[in-house]
Amino acid sequence: MSEQFDAIIIGAGQSGPFLAAKLAGAGKKVALIEKEHLGGTCVNDGCTPTKTLVASARAAWSARHAAEFGVVLKGPVTVDMKAVKARKDKVVGASVKSLTDWIGSLKTLEYIKDVGSFVSTTEVKAGKRTLTSRQIFINAGATASVPDWPGINSVPYLTNTSMMNIDTLPSHLIIAGASYIGLEFAQMYARFGSKVTVIERGPRPASREDEDISAAIRDILEAEGVSFLFNTTIEAVAKAGHGVLLSLKSGERRSSVEGSHFLVALGRTPNSASLNLEAAGIETDERGYIPVDDHLRTKVKGIWAMGDINGRGAFTHTSYNDFEIVADNVLDGGRRSIAKRVPVYGLFIDPPLGRIGMSETEVRKSGKKALMAIMPMSKVSRAKERGETQGLMKVLVDAQSKEILGAAILGIGGDEIVHSLLQLMVAGTPYTTMMQTVHIHPTVTELIPTLLADLKPLQ
Ligand SMILES: Cc1cc2nc3c(=O)[nH]c(=O)nc-3n(C[C@H](O)[C@H](O)[C@H](O)COP(=O)(O)OP(=O)(O)OC[C@H]3O[C@@H](n4cnc5c(N)ncnc54)[C@H](O)[C@@H]3O)c2cc1C
């Protein structure tokens, strides 16, 4: 027999639990179906644990560089990987517990730990139970993509999920993929003391970024001992002693590399396969994403898709924003949409990259008349005082309206500082307003007016 609910949510990532709580708070009878753990990727094997590990890696880096600041530490700096993992587990555990306690406290919300799959447009199976609702919300997220290289299943390869169990120091960590996840792990493990090799089929790291940003990222990581093999593909994978042997191809040249550990960081695959979407009449696109309109509605009335699985964002903040939009529209009769959402994200190497809006490449492609300014971080007093002068700041503005089109800040505090430009951009405030504002000295942000004063037409 089918059990009736006001709303069913499949997947407890970064929008599902919040929507479930909001609906339950409004007195709705809600089922939240999650097959693994509350909080999804971000809390369990994404943002929270990686940034906790980045913090440990930063502490190791600071200790090794202490003498440069006149601080004397006796003996060599070593990293206790068991303690690093224990700290990470504690932070993650506290986050999951607070989410679990909150969800558990909501009287009309039932948390069902099982796989949810569609039976029809209004019915979902969870284990032996069949649930019915006229409103179903999918927040099933994505998982690490693993190519079917010959031999891959015969080796103990790692993904962002299994990396979370590592409590010993890899002697040589090989990472496939020089994008955001791969780069964060690369610097982190180099700082912990591993030899790190990154294999990338393209010519540069973070290929979505402008070439000068990629080059600066490469400099930062290479200066810390990370080795890159660009324009290189993996042909096969095999076991070698206690580790992994990769057969590589670069142009016509063939080679191999052997490592103790092998992390696959080659993007994410949406978790659409387990949902039995056909039963609801929903088709995915060719990459497995569920198409939605700007209000996050699928083509089937009464079914929404939020978070990474809709292919309209790949971040915690986009998933959470999806929740806010859907909640407003469903509960409060709103008409909010993602149509004007400004792309924003960070790359949490150290120093971090904060990115908003369009890149220089995108502005050039768009044909817009624009102005651009670039400043190396070596010109920023704050960076000099901190002894961290790597990176650069770049800003692009519309030549006519003087509004911000996009910015990249790769440097100390870049992930935070870029928000000052984001606020201008969203408010449609001309950049000249920021130039007339007094900023705190000595900060990185105080140099943004100086950066803006140097805007020149994009040739
Ligand atoms: C290593 C790493 C680092 C990252 N760092 C950042 C960062 O710093 N900042 C940032 O903004 N983003 C980061 N991300 C991305 C971020 O984690 C995701 O964008 C975010 O978690 C949003 O995901 P989501 O809400 O779509 O679902 P997810 O968090 O992926 O959760 C989906 C949930 O659905 C469940 N599920 C799937 N199928 C079913 C089913 N059939 N039935 C029941 N349950 C199901 C899964 O078990 C999972 O718990 C990172 C990702 C990774 C991998």
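Remember, predicted model here, so these are calculated numbers, not experimental data.

Student: Even after reading the chapter, I still don't get the domain arrangement of the chain, so can you show me in this structure?
Tutor: Interfaces are frequently sized by the accessible area removed from exposure as the parts join. On domain assignment, one finds that the chain holds domain 1 (2-144 + 269-331), domain 2 (152-266) and domain 3 (344-457). Taken over C-alpha atoms, the centre of domain 1 sits 27 Å from the centre of domain 2. With 22 residues of domain 1 at the interface, the matching set in domain 2 holds 18 residues. Both sides of the domain 1 and domain 2 interface together cover about 1,700 Å² of buried area, and 63% of this is carbon and sulfur. Three residues stand out in domain 1 for area buried against domain 2, namely Asp 45, Met 81 and Lys 85, and they jointly supply 32% of the buried area on that side. Taken together, the connections running from domain 1 to domain 2 amount to two salt bridges. Across the pair Lys 51 and Glu 184 runs a salt bridge whose closest N-O atoms are separated by 2.7 Å. For the side of domain 1 that touches domain 2, the secondary structure elements donating two or more residues are helix H2 (40-45), helix H3 (47-64) and helix H4 (81-104). Tallied by class, the residues present in the side of domain 1 that touches domain 2 amount to 11 nonpolar, four polar and seven charged.

Student: Would you explain the site of the ligand in this entry?
Tutor: Around the ligand lies a shell of 39 residues, among which Gln 14, Glu 34, Thr 41, Asp 308 and Ser 319 are the nearest. Lys 35 places a main-chain nitrogen or oxygen 3.1 Å from a nitrogen atom of the ligand. Take Ala 140: an N or O atom from its main chain is 3.4 Å from an oxygen atom of the ligand. Here the shell around the ligand takes four residues from H2, the largest share from any one element.

Student: Looking at this model, I keep getting lost on a nonpolar patch on the surface. Mind explaining?
Tutor: A cluster of nonpolar side chains, namely Phe 69, Val 71 and Leu 73, defines an oily patch on the protein surface of about 280 Å² accessible area. With respect to the secondary-structure elements, Leu 73 resides in the loop between H3 and H4. Given a relative accessible area of 47%, Leu 73 falls into the partly exposed group.

Student: I keep staring at the sheet that holds strand E7 (residues 129-132) and nothing clicks. Help me out?
Tutor: Within a beta sheet, neighbouring strands are joined by backbone hydrogen bonds and run either parallel or antiparallel to one another. A sheet is described by the order of its strands in space; here four strands give the open sequence E1-E7-E6-E5, paired in mixed fashion. In this open sheet, the two strands that pair with only one neighbour each are strand E1 (2-4) and strand E5 (116-118). Put simply, the sheet's adjacent strands are angled 35° from each other on average, direction ignored. Here E5 runs beside strand E6 (residues 123-126); their pairing, made up of three bridges, is antiparallel. Residue pairing in the sheet places Ser 117 in a bridge with Lys 125 of E6.

What counts as what
Residues numbered from 1 in each chain as written. Predicted model: local features only at pLDDT ≥ 70, side-chain atom pairs only at ≥ 80, totals over all residues. Heavy atoms only, no water. Domains from an automatic or database assignment. Contact = heavy atoms within 4.5 Å. Buried area = accessible area lost by both parts, 1.4 Å probe. Salt bridge = Lys/Arg side-chain N within 4 Å of Asp/Glu carboxyl O. Helix = DSSP H or I, 4+ residues; strand = E, 2+ residues; numbered from the N terminus. Nonpolar A, V, L, I, M, F, W, Y, C, P; charged D, E, K, R; others polar. Near = heavy atom within 4 Å. Polar contact = N/O pair within 3.5 Å; in protein donor to acceptor, adjacent residues only side chain to side chain. Patch = residues over 30% accessible without salt bridge, like charges linked within 9 Å, V, L, I, M, F, W, Y side chains within 5 Å. Areas by Shrake-Rupley, 256 points an atom, 1.4 Å probe, with all protein chains shown as cover. Buried < 20%, exposed > 50% of the residue type's maximum accessible area, 1.4 Å probe, protein only. Pairing = 2+ DSSP bridges. Axes fitted to C-alpha atoms, helices over the stretch in contact; angles between N-to-C directions.

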